[in-house]
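Commentary on secondary and tertiary structure
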Amino acid sequence: ITAKDEFEAAYALDPRMTYAAIWLARIESREENYARSIEIYEGIINRNPGNTLALFELADYYFRVEGNPNEALTYLQRCIEADPEYAGCHYLRGRVLIREEQAAEALISFQTAHDLDQNNGYYTYWLARAHMDTGQCQLALPYLEEGYRRAVEENTDTVLIESFEYTLNQARVGCGVAPVVPVATPTPLPGI
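Residues numbered from 1 in each chain as written. Predicted model: local features only at pLDDT ≥ 70, side-chain atom pairs only at ≥ 80, totals over all residues. Heavy atoms only, no water.

So, the packing of helix α4 (residues 52-64) against helix α5 (residues 69-82)
Two numbers describe a pair of packed helices, the interaxial angle and the distance between the axes. As a packed pair, α4 and α5 sit with axes 8 Å apart at the nearest point and diverge in direction by 160°. Between α4 and α5, the angle falls in the class roughly antiparallel. With respect to the hand of their crossing, α4 and α5 are arranged in left-handed fashion. Mapping the contact onto sequence places Thr52, Leu55, Phe56, Leu58, Ala59, Tyr62 and Phe63 in α4 and Glu71, Ala72, Tyr75, Leu76, Arg78, Cys79 and Ala82 in α5. Classifying every residue of the contact of α4 with α5 gives 11 nonpolar, one polar and two charged. (Axes fitted to C-alpha atoms, helices over the stretch in contact; angles between N-to-C directions. Helix = DSSP H or I, 4+ residues; strand = E, 2+ residues; numbered from the N terminus. Parallel < 35°, antiparallel > 145°, perpendicular 65-115°, else oblique. Left-handed = near helix turned anticlockwise from the far one by under 90°. Contact = heavy atoms within 4.5 Å. Nonpolar A, V, L, I, M, F, W, Y, C, P; charged D, E, K, R; others polar.)

Written out as structure tokens, the structure is:
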């Protein structure tokens, strides 16, 4: 018996069990059973039009899988209207808008996401990127420096750390500040 089997059984017993339905839809999506996943999310939204998890997941699907920014933005707008304090929807809206080259509008979404959750390194990173994309490198630098420091201290996401390093150096050059190339702590050689 797998987790999918358990969620499928719970969903079959009562499709109103939202968390079971959400997890089943996520599993279906990861297995690229997109039609089934969408069917489950839409069922959740039909029963509860303000379900932010289902709205977010559908927006994410339309953005990442379908490449349909308009549909993604429609679901994100509904998500934000249902819960203006759901940082994830503001963040994903910013990502969609950045890809659509609407940096000024994305900046607003990233700022909101960051204001709602200042501990999320991705929110901090993309807020700084949006400042860079709108020509405000001086405003980007503090976010990049703080975000980089926290990412290194937490040392859990090498992709995020590398993104901060690269963009921080870009911002420093763009602002006329000498770039700082981070120096990694060398791993001691065995037996020496």
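After that view of the structure, there is still more to cover.
What to know about α5
Look at α5: 20 Å from first C-alpha to last across 14 residues, which is about the 20 Å you get at 1.5 Å a residue. Within α5 the residues assigned to the buried category are Pro69, Ala72, Tyr75, Leu76, Cys79 and Ile80. For α5, the angular spread of buried residues about the axis comes to 140°, placing them on one side. Of the exposed residues in α5, the ones pointing more than 90 degrees away from its buried face are Asn70 and Glu81. Elements in contact with the buried residues of α5: α3 (34-47), α4 and α6 (87-99). (Expected span 1.5 Å × (residues − 1). Buried < 20%, exposed > 50% of the residue type's maximum accessible area, 1.4 Å probe, protein only. Arc of directions from axis to C-beta.)

A few points about the packing of α4 against α6
Two elements in contact, α4 and α6, have axes whose closest approach is 11 Å; the angle formed by their N-to-C orientations is 15°. Accordingly, the angle class assigned to the pair α4 and α6 is roughly parallel. Here α4 and α6 pass one another in a crossing that is left-handed. Residues Phe56, Ala59, Asp60, Phe63 and Arg64 of α4 lie in contact with α6, whose contacting residues are Gly88, Cys89, Leu92, Arg95, Val96 and Arg99. Taken together, the residues that form the contact of α4 with α6 break down as six nonpolar, one polar and four charged.

What to know about the nonpolar core
Grouped together as the largest cluster of nonpolar side chains are 27 residues, with contacts concentrated most on Tyr91, Ile98, Phe110, Tyr125, Trp126, Leu144 and Phe164. Secondary-structure elements contributing two or more residues to this core are α6, α7 (103-116), α8 (121-133), α9 (137-154) and α10 (158-174). Membership of the second largest hydrophobic core comes to 26 residues, among which are Ile22, Ala54, Cys79 and Ile80. (Core = buried A, V, L, I, M, F, W, Y, C linked by side-chain atoms within 4.5 Å.)

Some words on the state of the cysteines
A complete count under the given rule lists two disulfides for this structure. Put simply, Cys79 and Cys89 are joined by a disulfide, and their sulfur atoms are 1.9 Å apart. Residues Cys79 and Cys89 are joined by a disulfide whose S-S torsion is about 70°; by sign, that bridge is right-handed. In this pair, Cys79 sits in helix α5 while Cys89 sits in helix α6, placing the two residues 10 residues apart along the sequence. A single burial state applies to Cys79 and to Cys89, both of which are buried. Covalent S-S linkage joins Cys137 and Cys175, the inter-sulfur distance amounting to 2.0 Å. In this pair, Cys137 sits in helix α9 while Cys175 sits in the segment after α10, placing the two residues 38 residues apart along the sequence. (Disulfide = S-S within 2.5 Å.)

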